[in-house]
Amino acid sequence: MGHLIAILAFLFASMAAVHAETEVTLGLSSPRTQVGAPVEMVLTVRGTRSAELPASIRVDGLEINAIGRQQRFEMRNFQTTSSVVYTYRIQPLREGDFTIPPVEVKVGDASLFSNAVTLQVAALPAPLPGGSAGPSTGAVDDMSPFFGEIVLSRREAYVGEVIPAELRFYFSAELGGEVGDRPEFGGEGFTVQDFASMPKREQIVNGANFVLFTFQTAITPVKSGSLEVPEAKLGANLQIPGSRPPGMDDFFRNFGGGDPFGMFTQSRRVEVVAPPTGLEVKPLPSAGKPTSFSGAIGRFSMDVAVEPSRVKPGEPVTMRVTVSGQGNLDAMGAPVLRDDAGWRTYDPVARVESRDAVNYSGSKIYEFMMIALEDQERTPGVAFGFFDPAAGEYRELVADPLPVDAPAGDRQQVAADTAAPEAEPPPLTTPVAAATPMPAVGSGGSSTWTPWLGRTWVLVSGGAIAAFALAWCGFLGVRAFLGSAFLRAAGRRRRLERLLENARRAPDDGFVVAAAAVLEGVPGGDPGALDLESRLEAFAAAEEVKVPLRGLLGRLAEVRYGGGGLPPPEASERKAVLEVLGHLVKESNNG
Amino acid sequence: MGERLFRILVAVWVLCMGGQSVVASPSDLDVARGKVADGDHAAAVPYYEAHIASSPPDASSYLELGSAQLAAGDPVGGALSLRRALLLDPMNQQAAEALRGANNALGLSSESPGILDTIVSHVPLWIPVVGGLLLIGGGVVGLLAAATVRGGGRRFALAGGLAIVAGAGCLLLVHLVDPLERARGVFFVRAPEGAAMLRTPVESSEQVAGLRPGQLVEVLSVSGRWAHGETEGGVRGWFPLETTTPLVPADREVSGAAAGEG
């Protein structure tokens, strides 16, 4: 019956494991070693019971051989996880930094990749910063399932020197649970920087697989003497394996031994302790301290640049001093300017560009703003003093002045600027006194915020020009309309009708002249232009029209040239002439 | 007779300028100047501001205010006032020098003047405006004369066309160089601590640049209390509108009610 329950539990666990998330991690038993000293590499595939790995892993300079495979089942709170652990042995063939690339693992149809790991291989003897490539035997404490250690990069230091440190906490891979975000760490005689949490990784310790949580920080001793760095603590909620029921050991051994299902675990709040360690702190020597020393401890180089190298009178130039290296980047003071007579300099603006999480390696950039009080062709020189803890002595970096073309500005203004007492430079480093005498208000410039082309007088002027142009165009249009053929024809019509009416009302002695005036108004009717017949032909072809007109023109010639001896026309003749003229006027108006 | 004519001309000119040269509140200005004479620059600032608020814009008022603010230890406010003085009177070398000093105090590099700034600092803009209007007017007359006079109108037409083109060129030049035109939409970082230019209008967004006090930024659009702008270096991002103030006080196009008035 007991076996049946175990088998059912196993089947249930196997089904649940199918849905677990698959994860591949790669870890080393130590990230550093030396030529000829092998290390172990562990490839863990979580969330599956079978995986396909490459036949071999090849890295130039390393000999990597598979030495084992182990399958594990874990059950925590009725969630089952199946893992496959592959163990490799790495034999370093030469010194150097080697990166083992991500390993491709095929799980079913999916391809997964592990993380890459780096192995530092040193020649004999292996330089192991921190004095440890892994936990010391004593720290393991009879292979406790969890333990911690404090790793300092140096065992001896100077007051003020930044010591990178790692707080490492190891948990057996067979444990589950949660660990705290940050450890408890601190004490007297040193300061501690903020912690930087590193990604967890696998590590083999004495043949057992552990998960390593690392917190990077840096400590700075503030007094000399033997300094005891106290213990560090990290809280964790762990699932601790419990005792198995009697008679189950043989069955569990079939699934890889140990406690395959994690069924018999108990939750426990633990505090993992990294034991204290020691640090010998020496005071900084007083001999040989350069005048430019401002507290920098480490190893540094310096680079100086100026920009712009050519400015207008009174404009500032900026000297950028970059101090690069390893040391107390945060705490160290600024370089010192030398031979800065004729310059007005300001306190530099500094910023740190770090290459690590604890501001130990990187650069600190100082920007000095300077204004020439006299015409300058060279910048001030720069000196930076620091204490080199490796050599145990002070050093000084000196940069020569750089060429620059910086003419002095307004000397009165510069003098006013520099007259400010040095004791209270802020908040106005370049005071501008109230200008006297001030120009009268309204004496110059605009008196409105409106742009020039939007101002009233400009718009009014433009509108006046446009109105003038429109008016002129209107005039031209009216004139053109008035001079058109239509209006001319209308006027002619009205004139002819008026002349015809005059002829009708004319007395007998004036009838000929009035009638001739009508005839002259008809197009082509100019009596002096053609001979009589031609004119008659021009007016009309019908004889009944020509006869009255012929008589009229004859009378007209007599009036003009003959002295007027003819009698007045008779009523019938007058009527005939008026009819013909009316006909001609009508034709002319219609045409 | 000559004096009377001169007075009439002056009156016409004042009317053309909108009668804006009248000093509105001389008492505030007198008090402010008295404070400055006594060395109490900080006390003079509110009187200058009251005078400016109640008077037509005037470059010399802003210059005096800016100088008082600088002397009172407010380089940001001083720089803003001096920039406004230069907007109103680009030829005011006194304001230009004082602004250069204020920028130095703020740690801002004094930008070298471009060709447009050089033009406005040497040529009064009313000259090309008036010249352009006269050329356009004359050109219109020439064209109309060409259309009116029978025979020989081609010369009038050519001269008139050239005059109109030249006049339009003058006005276009004014439009391009007018600092008041170019300052539209430009904001001044007024917050003493500066401001952060963010990638998105969210407080937790990534910072793409830092806006230093006294820096200019062109506002491209506004969304709530956030403005999307571009620095003179070409960096674009979002920043809180309340950290800036429009360079042209009358420019409310994008500031809305959210923008403080410095």
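Since the structure is predicted, the reported quantities are computational estimates derived from the model, not experimental observations.

Undergrad: Before we go on, may I ask you to explain the overall build of chain A in this structure?
TA: Scanning chain A from N- to C-terminus turns up ten helices and 31 strands. Within chain A, the proportion of its 591 residues that are buried is 43%. Taking as baseline every contact in chain A between residues at least 6 positions apart, the subset at least 24 positions apart corresponds to 71%. Accessible area for chain A stands at about 30,500 Å²; split by element, carbon and sulfur atoms hold 53% of it.

Undergrad: What am I meant to see in the overall build of chain B here?
TA: Each helix and strand in chain B was counted, giving ten helices and seven strands. For chain B, with 262 residues in total, the buried portion stands at 46%. Taking as baseline every contact in chain B between residues at least 6 positions apart, the subset at least 24 positions apart corresponds to 54%. Accessible area of chain B: about 12,500 Å², with a carbon and sulfur share of 62%.

Undergrad: Help me out: how do you make sense of the packing of helix α4 (residues 59-71) of chain B against helix α5 (residues 75-88) of chain B in this one?
TA: Helix-helix packing is described using two parameters, namely the angle between the two axes and the distance between the axes. All names here are of chain B. Interhelical geometry of α4 versus α5 gives an angle of 165° and a closest axis separation of 8 Å. In terms of their interaxial angle, α4 and α5 are classed as roughly antiparallel. Here the hand of the crossing between α4 and α5 comes out left-handed. When α4 is examined against α5, the residues Ala-59, Tyr-62, Leu-63, Leu-65, Gly-66, Gln-69 and Leu-70 are found in contact with a partner set consisting of Pro-75, Gly-77, Gly-78, Ser-81, Leu-82, Arg-84, Ala-85 and Leu-88. Classifying every residue of the contact of α4 with α5 by side-chain character gives nine nonpolar, five polar and one charged.

Undergrad: What exactly am I supposed to notice about the pairing of strand β31 (residues 403-406) of chain A here?
TA: Looking along a regular strand, one sees side chains alternate from face to face of the sheet. All names here are of chain A. Where burial is concerned, the two faces of β31 differ: the one with Val-404 and Ala-406 is buried and the one with Pro-403 and Asp-405 is not. As paired elements, strand β28 (residues 376-378) and β31 share two bridges and run antiparallel to each other. When the sheet's bridge partners are listed, Gln-376 is paired in β31 with Ala-406.

Undergrad: I tried to follow the sheet that holds strand β18 (residues 225-229) of chain A on my own but got confused; where do I start?
TA: Two strands in a sheet stick together by hydrogen bonds in their backbones, pointing the same way (parallel) or opposite ways (antiparallel). All names here are of chain A. Sheet architecture is open: three strands sit in the order β11-β21-β18, paired in mixed fashion. The two strands at the open ends of the sheet, each matched to only one other strand, are β11 (156-158) and β18. This sheet shows a mean twist of 35° between the axes of neighbouring strands, independent of strand direction. When β18 meets strand β21 (residues 277-282), the two strands line up antiparallel, connected through five bridges. In the strand pairing of β21, Val-229 is matched with Thr-277.

Undergrad: Hey, could you run me through the packing of aromatic side chains in this one?
TA: Each aromatic ring pair is characterised by the separation of its centres together with the angle its planes make. Taken as a whole and judged by the stated rule, the model has 15 aromatic pairs over all chains. A ring pair is formed by Trp-449 of chain A and Tyr-62 of chain B, whose centres lie 5.6 Å apart and whose planes are at 70°; its orientation type is edge-to-face. Placement of Trp-449 of chain A in the loop between α4 (411-418) and α5 (456-482) and of Tyr-62 of chain B in helix α4 is noted, with the two residues assigned to different chains. There is no split in this pair, since Trp-449 of chain A and Tyr-62 of chain B are both buried. Here a set of aromatic residues connected by ring pairs shows up, and it is made of Tyr-158, Phe-293, Phe-387 and Tyr-394 of chain A.

Undergrad: For this particular structure, what's the right way to read the pattern of salt bridges?
TA: Proximity of charged atoms lets side chains of opposite charge pair with each other. Residue and element names in this part refer to chain A. Tallying each qualifying case throughout the model produces 25 salt bridges over all chains. Between Arg-320 and Glu-367 there is a salt bridge, and its shortest N-O distance comes to 3.0 Å. Of the two residues, Arg-320 is situated in strand β23 (residues 317-327) and Glu-367 in strand β27 (residues 361-372); the sequence distance between them amounts to 47 residues. Note that Asp-508 and Arg-574 form a salt bridge whose closest N and O atoms lie 2.8 Å from each other. Residue Asp-508 is found in helix α7 (residues 508-521), and its partner Arg-574 is found in helix α10 (residues 571-590); the two are separated by 66 residues along the sequence. Exposure remark for Arg-574: the relative accessible area of 12% places this residue in the buried category.

Undergrad: Where do I start with the side chain of Thr-44 of chain A in this structure?
TA: All names here are of chain A. Its place among the elements puts Thr-44 in strand β3 (residues 39-46). Looking at Thr-44, the relative accessible area reads 2%, which means it is buried. Non-local contacts of Thr-44, meaning those with residues more than four positions away in its chain, are made with Glu-23, Val-24, Thr-25, Val-84, Val-85, Glu-202 and Asn-209.

Definitions and cut-offs
Residues numbered from 1 in each chain as written. Chains lettered and ligands numbered in written order. Predicted model: local features only at pLDDT ≥ 70, side-chain atom pairs only at ≥ 80, totals over all residues. Heavy atoms only, no water. Helix = DSSP H or I, 4+ residues; strand = E, 2+ residues; numbered from the N terminus. Buried < 20%, exposed > 50% of the residue type's maximum accessible area, 1.4 Å probe, protein only. Contact = heavy atoms within 4.5 Å. Areas by Shrake-Rupley, 256 points an atom, 1.4 Å probe, with all protein chains shown as cover. Axes fitted to C-alpha atoms, helices over the stretch in contact; angles between N-to-C directions. Parallel < 35°, antiparallel > 145°, perpendicular 65-115°, else oblique. Left-handed = near helix turned anticlockwise from the far one by under 90°. Nonpolar A, V, L, I, M, F, W, Y, C, P; charged D, E, K, R; others polar. Pairing = 2+ DSSP bridges. Phe/Tyr/Trp six-rings, centres within 6.5 Å; stacked < 30°, edge-to-face > 60°. Salt bridge = Lys/Arg side-chain N within 4 Å of Asp/Glu carboxyl O.

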